[in-house]
4 protein chains.
Amino acid sequence: MIESPQAPEAAAPSAVLGPNQYGKAETRVVKVTRDGHVHHLKDLSVSVALSGAMDAVHLSGSNATVLTTDATKNTVFAFAKEHGIASAEQFAIHLARHFVTSQPSIHRARIRVEEYTWERIGAPGQRVGVPGERIGAPGERSHSFVRAGRETRTAQITYDGSTWQAITGLKDLVVLNTTDSEFRGYAKDPYTTLPETSDRILATQVNARWRYGWTDDREPAPDWDDAYTRTREHLLDAFAGTYSHSLQQTLYAMGSRVIEQRPETVEIRLSLPNKHHFLVDLAPFGLKNDNEVYYAADRPYGLIEATVLRPGTEPAIPTDLTLL
Amino acid sequence: MIESPQAPEAAAPSAVLGPNQYGKAETRVVKVTRDGHVHHLKDLSVSVALSGAMDAVHLSGSNATVLTTDATKNTVFAFAKEHGIASAEQFAIHLARHFVTSQPSIHRARIRVEEYTWERIGAPGQRVGVPGERIGAPGERSHSFVRAGRETRTAQITYDGSTWQAITGLKDLVVLNTTDSEFRGYAKDPYTTLPETSDRILATQVNARWRYGWTDDREPAPDWDDAYTRTREHLLDAFAGTYSHSLQQTLYAMGSRVIEQRPETVEIRLSLPNKHHFLVDLAPFGLKNDNEVYYAADRPYGLIEATVLRPGTEPAIPTDLTLL
Amino acid sequence: MIESPQAPEAAAPSAVLGPNQYGKAETRVVKVTRDGHVHHLKDLSVSVALSGAMDAVHLSGSNATVLTTDATKNTVFAFAKEHGIASAEQFAIHLARHFVTSQPSIHRARIRVEEYTWERIGAPGQRVGVPGERIGAPGERSHSFVRAGRETRTAQITYDGSTWQAITGLKDLVVLNTTDSEFRGYAKDPYTTLPETSDRILATQVNARWRYGWTDDREPAPDWDDAYTRTREHLLDAFAGTYSHSLQQTLYAMGSRVIEQRPETVEIRLSLPNKHHFLVDLAPFGLKNDNEVYYAADRPYGLIEATVLRPGTEPAIPTDLTLL
Amino acid sequence: MIESPQAPEAAAPSAVLGPNQYGKAETRVVKVTRDGHVHHLKDLSVSVALSGAMDAVHLSGSNATVLTTDATKNTVFAFAKEHGIASAEQFAIHLARHFVTSQPSIHRARIRVEEYTWERIGAPGQRVGVPGERIGAPGERSHSFVRAGRETRTAQITYDGSTWQAITGLKDLVVLNTTDSEFRGYAKDPYTTLPETSDRILATQVNARWRYGWTDDREPAPDWDDAYTRTREHLLDAFAGTYSHSLQQTLYAMGSRVIEQRPETVEIRLSLPNKHHFLVDLAPFGLKNDNEVYYAADRPYGLIEATVLRPGTEPAIPTDLTLL
């Protein structure tokens, strides 16, 4: 036999590792703080995603640089005790800084948080959640809570050892205008059958993410809770106060309101499903439907998505907030 | 004897039809009522179930006695216009009476309703859903709503042509006490490892159905909305105000409170999952966890179910509110 | 001292405890059995519900008769080791017998099981789940599984110390006939607008529960796995082989087939949502839709429910398999 | 004359529109093709997202360039008739090309498809879905189907008028190895408590997206169905055949297998939740648990995500397949 084929000294790899991250997702931590007889409650779901020098674990199965996802979960619980939970964002900042600064192999940490809101159950005789009545003043029932069940607040903090990215958001905030919405003057193609309307219900489930300009530890961070509350207020206010020619226009009104009114925010991404409410045809039953009776459909639905930016800002929020 | 076997004149059937019902489920009807510039909104999911002389349709495929489920859906929409939606129960009564009295083949109608709550979006500058502030006073924004997202109100009306059964309820009302809950002194068997505790979080998701004593058209019906609001209040109040030795005891406190305080109600069924919050062991990290940091588990969960009755009442609410 | 008012010796109670049960729900147990290199897998979700002498725990908070739900969970895990999991039903029988016979306060146990099916991942080069090819012969890959994801098998075993009730079932088995289904000749009322059809898609999601005649320990129990497999087969076969005049008729064909063919079964309850597939009107686009293009709707849906019985049998399966 | 301050001819805007898209999501189209007595079934959920010259609709409410989402839905149905559904990808290509080439305002179309698999219900007496038996040979029951319920196939086609991007994928393919998985030698920090293990269950729910090298109409496109089937096979085969030191390593084995074996594919993104199966401690009950009895936990879970690339390829698949 002639020469055996030479072993390749450095064979070109047939596949290479690209972007990767790992961590523990959806650790549900509940923190009780006792202020005398008045208890306070924070309820978070925390997801940790770490990346860095992780080639060996993927390529050779060596785990030497891998902090276990179990340890990242433990850290969430321990930090709830050590640092408390001032806000979702502040808590995530503690975690992200810890992972990046304490483990040489970890170069970047992204912490996502969902926060669930609880309201106090009022004192006896006081009704809860009834518009126009006082809600949940701390009294004797200072340790009893009812989950609000409204939208979920979200936060995402990313840190690479030098620069911060802070994105706050909300999801599943369902809103509806019974009037002041029309839709007409649109393009017609051979597949267009929709009649124009000058008065329709406009309803959507607001999914929003907004990015703060803050990136540097040496600069003061936003007041996270106040920024959230006021941004949510602006979104509701712009939705309610806009005479709508399309959901696109309403979306832009909501996004630009936030950019204009909240100086700490440089970018906002909105994903708004058009929750169709179709006027029911009651004519077969001898009835007139004067914009009174609607059928609320599930699927399909229009889906309107856009980013609104402070001038001069490059978009950084992923454009797919709602995956199939 | 030679004769061929006689053809059976009436062969014994090998299978027989038992209880049956049919109808259209989950018709989502939204009703807008315009009171000048102030709009009102009702948002229901209505499920119709009819039964009666339906043997032929099952056995022979003859549809002569079948009112289509599509027609029952149409009736829901038409009745929203014809009768309005004063309350979930009143609307269901209109429907049930109609089906039983207008179709000879239909002997019994059961109407189930889920109702979703919307709150008004406040006038500009007014915050929504913030404890301590005025909510949703009808102003210029009298056509804009945000979905409350709290518990869902349910109603079930059954009518057989002479007698009514009215069951109201709520589901997914999530409540939590941070203290005043213990669990000890329980039976121990060889599989018991749970340590006793004198201070734990008690959390549950209240699923309740209560039956009214009203059964006769000639008697005045309950004030449906007031009965709902006050019963919900009593459930919250009893949950918050009970020092708990077990979730069973808390359940009974909730149920008996309603029976004692609400004369229109004769039976209540509660299904309460014990949403476990486990104290996290922080000792490995050199930290003391003084009832501060909890892990909220998903599954498995305790499930506590019981009926509470006005003395002399036979239970009539199905005992499985929560199916696997 | 003036005497305090006399305590009532036996005041009539204002509320009484009715039917009640408790236990741990949805304990997910996975059992691996190693037969040399060939591994076998059982994957169950087990829910325990116990009842008996439980008045004191509800009324006074005394837990002396309460076996903890945590202990019932531990028993599930321990029994998986001690008894193995021959079938969902057999495993539930072990559990039910244990609780009723070992704890004097427990008079009745109801065990519910969901079972998830796993198939073997085939040897290299062999395709998995491809019709017409051999699937999952135990080879070198005898420890690798893929979850089937089809319907879920259910079992419910109830024991009161003397009599057994065994109900097996399945849920979420989605089936569809593209033809051999019509719907006409139905009753018309003023709200009927549905056009009659002589060729439609018939699709449903089969939810079935069937009760076995077996009640006595001294009689041989059914062959649980064989009974399940063959009953499922009959349901599919009857669905596919019935020319349908209505979903009611198809339901009865499915139920009576099981009663007629499976001697161990005395009752079956079927809950069949009519998963509507509407023919799309393509005429506006100059196209003819000859039963080719359908829109699959989510809600509302028809819901057809009935029990089929062996003659002489009283119905015992709850009639609400699908709750709102 | 004193000059009034000059009106800004072009005042700097305070907010600007960024990336945006819109369309109808989740149109569920079912296509029946009749080949004599043998019927074929395609069941898709189609989501259309269009972008282009849409500034005016957002900024001024002019809808002149907006093709309605309703028309995009109609197009889905009409194209199912006009072009048939050869595969999810081919169908999406027809749609994307249509929108971009027929509407001047639309510069880019992204079509997402989910495909649900149906298997034939076998002839009478033939069992369905039983390993080792022949499945669903077209016979008399050639119009009856049962939904497979396994993983969902996904496809995403993007077209900008000149270049195509084709990403196929699958989600919710749940796999499990009962052995040949260890996890040890990892980094330890003060929050690490996890014991090392040399034999554990490894289970995950495979979410994968892979991108084809094909971008040009003039080049032959992949054989979409064959590419899907074989890629799925490689993923299963690599999962089952890899002795695992970590889920990261298993992920890379799966991804690199596809890149190496499927020449049409240049990039694959995998998102693998670590579905933890914890060995239950049976020692308190005097039992030894020799890797037999496991508790399958829901949350939290490890989440391992990575891209594997053909050398020289830039990653283009979004890195967040699984959103919070």
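The coordinates are above.
This one's a predicted model, so the numbers in the text were calculated from it and none came from an experiment.

Cut-offs applied
- Residues numbered from 1 in each chain as written.
- Chains lettered and ligands numbered in written order.
- Predicted model: local features only at pLDDT ≥ 70, side-chain atom pairs only at ≥ 80, totals over all residues.
- Heavy atoms only, no water.
- Contact = heavy atoms within 4.5 Å.
- Buried area = accessible area lost by both parts, 1.4 Å probe.
- Salt bridge = Lys/Arg side-chain N within 4 Å of Asp/Glu carboxyl O.
- Helix = DSSP H or I, 4+ residues; strand = E, 2+ residues; numbered from the N terminus.
- Buried < 20%, exposed > 50% of the residue type's maximum accessible area, 1.4 Å probe, protein only.
- Polar contact = N/O pair within 3.5 Å; in protein donor to acceptor, adjacent residues only side chain to side chain.
- Axes fitted to C-alpha atoms, helices over the stretch in contact; angles between N-to-C directions.
- Parallel < 35°, antiparallel > 145°, perpendicular 65-115°, else oblique.
- Left-handed = near helix turned anticlockwise from the far one by under 90°.
- Nonpolar A, V, L, I, M, F, W, Y, C, P; charged D, E, K, R; others polar.
- Pairing = 2+ DSSP bridges.
- Least-squares fit on C-alpha atoms with pLDDT ≥ 70 in both.
- Phe/Tyr/Trp six-rings, centres within 6.5 Å; stacked < 30°, edge-to-face > 60°.

Enquirer: Give me the lowdown on the interface of chain A and chain D, citing residues and values where you can.
Expert: Each partner contributes to the interface: chain A provides 83 residues, whereas chain D provides 83 residues. Counting the surface lost from both chain A and chain D, the interface buries some 7200 Å², and carbon and sulfur atoms represent 54% of this. Put simply, Glu26 of chain A and Arg299 of chain D hold a salt bridge, and the shortest N to O gap is 2.9 Å. Where the side of chain A that touches chain D is concerned, the elements lending two or more residues are strand 1 (16-25), strand 2 (27-35), helix 1 (55-59), helix 2 (69-82), strand 4 (106-115), helix 5 (247-261) and strand 13 (301-309) of chain A. At 10 residues, the largest contribution of residues to the side of chain A that touches chain D is made by strand 1 of chain A.

Enquirer: Residue-level account of the side chain of Arg153 of chain B, with values.
Expert: Residue and element names in this part refer to chain B. Mapping Arg153 onto the fold places it in strand 7 (residues 152-159). When its relative accessible area of 8% is taken as the criterion, Arg153 is described as buried. Within the structure, Arg153 has its side chain in polar contact with the side chain of Glu89 (distance 2.9 Å). If near-sequence neighbours (up to four positions away) are discounted, Arg153 is found in contact with Ser87, Glu89, Val113, Glu114, Glu115, Gly169, Leu170, Trp224, Asp225 and Tyr228.

Enquirer: Talk me through the packing of helix 2 (residues 69-82) of chain C against helix 3 (residues 88-102) of chain C; I want residue IDs and the actual numbers.
Expert: Residues and elements named next belong to chain C. Closest axis-to-axis distance for the helix 2/helix 3 pair is 11 Å, and the angle between their directions is 130 degrees. By the angle between their directions, the pair helix 2 and helix 3 is classed as oblique. Here helix 2 runs over helix 3; the crossing is right-handed. Contact with helix 2, carried on its side by Thr72, Thr75, Val76, Phe79 and Ala80, involves Phe91, His94, Leu95, His98 and Phe99 of helix 3 and no other residues of that element. The residue makeup of the contact of helix 2 with helix 3, split by class, is six nonpolar, four polar and no charged.

Enquirer: Mind laying out the pairing of strand 2 (residues 27-35) of chain D, listing which residues take part and the relevant values?
Expert: Looking at chain direction, strand 12 (residues 293-296) of chain C and strand 2 of chain D are connected through three bridges and run antiparallel. Directly across from Tyr295 of chain C, in strand 2 of chain D, lies its bridge partner Val29 of chain D. Where strand 2 of chain D lies against strand 3 (residues 38-52) of chain D, nine bridges are found, and the strand directions are antiparallel. By the bridge assignment, Val32 of chain D is partnered in strand 3 of chain D with Leu41 of chain D. The hairpin turn running from strand 2 of chain D into strand 3 of chain D, its antiparallel successor, is two residues long, and Gly36 of chain D in that turn takes a positive phi close to 65 degrees.

Enquirer: Any chance you could break down the relation of the copies chain A and chain D for me, citing the residues and the numbers?
Expert: In screw terms, the move from chain A to chain D is a rotation of 180 degrees and a rise of 0.0 Å along the axis, fitting with an RMSD of 0.0 Å. Read as a symmetry element, the transformation amounts to a two-fold axis. Looking at the interface residues of chain A, 100% of them are also at the interface in chain D, so both copies use one shared face.

Enquirer: So, the interface of chain B and chain A: which residues are in play, and what are the values?
Expert: At the interface, 66 residues of chain B touch 66 residues of chain A. Carbon and sulfur atoms make up 61% of the surface buried where chain B meets chain A, a total of about 5700 Å² over both sides. Our count for the chain B to chain A interface comes out at four salt bridges. The partner of Lys81 of chain A in a salt bridge is Glu292 of chain B, and the shortest N-O contact between them spans 2.6 Å. At the boundary of chain B and chain A, one finds 24 residue pairs in polar contact (both at pLDDT 80 or more).

Enquirer: Quick one: what's the story with the pattern of salt bridges, residue by residue and with numbers?
Expert: Counted by the stated rule, this structure contains 96 salt bridges over all chains. The closest approach of N and O atoms between Glu114 of chain B and Lys171 of chain B, which form a salt bridge, is 2.5 Å. Remark: Lys171 of chain B occurs in strand 8 (residues 164-177) and Glu114 of chain B occurs in strand 4 (residues 106-115); sequence separation between them is 57 residues. A relative accessible area of 9% places Glu114 of chain B in the buried class. Of the charged contacts, one joins Glu267 of chain C and Arg211 of chain C as a salt bridge, the two residues approaching to 2.7 Å between their closest N and O atoms.

Enquirer: Tell me about the packing of aromatic side chains, residues and numbers included.
Expert: A full pass over the atoms with the stated rule returns 36 aromatic pairs over all chains. Both rings, one in Phe79 of chain A and one in Tyr191 of chain D, keep their centres 5.9 Å apart while their planes meet at 75 degrees; by these two values the pair is edge-to-face. Taken as a pair, Phe79 of chain A in helix 2 and Tyr191 of chain D in the loop between strand 8 (164-177) and strand 9 (202-212) lie in two separate chains rather than in one. The exposure classification of Phe79 of chain A matches that of Tyr191 of chain D, with both residues buried. Ring plane angle 85 degrees and centroid distance 5.8 Å describe the contact between Trp214 of chain D and Trp224 of chain D, whose orientation is recorded as edge-to-face. Here Trp214 of chain D, found in the loop between strand 9 and helix 4 (224-241), pairs with Trp224 of chain D, found in helix 4; they are 10 residues apart in sequence, far enough to count as distant.

That's the geometry; what it means functionally is another story.
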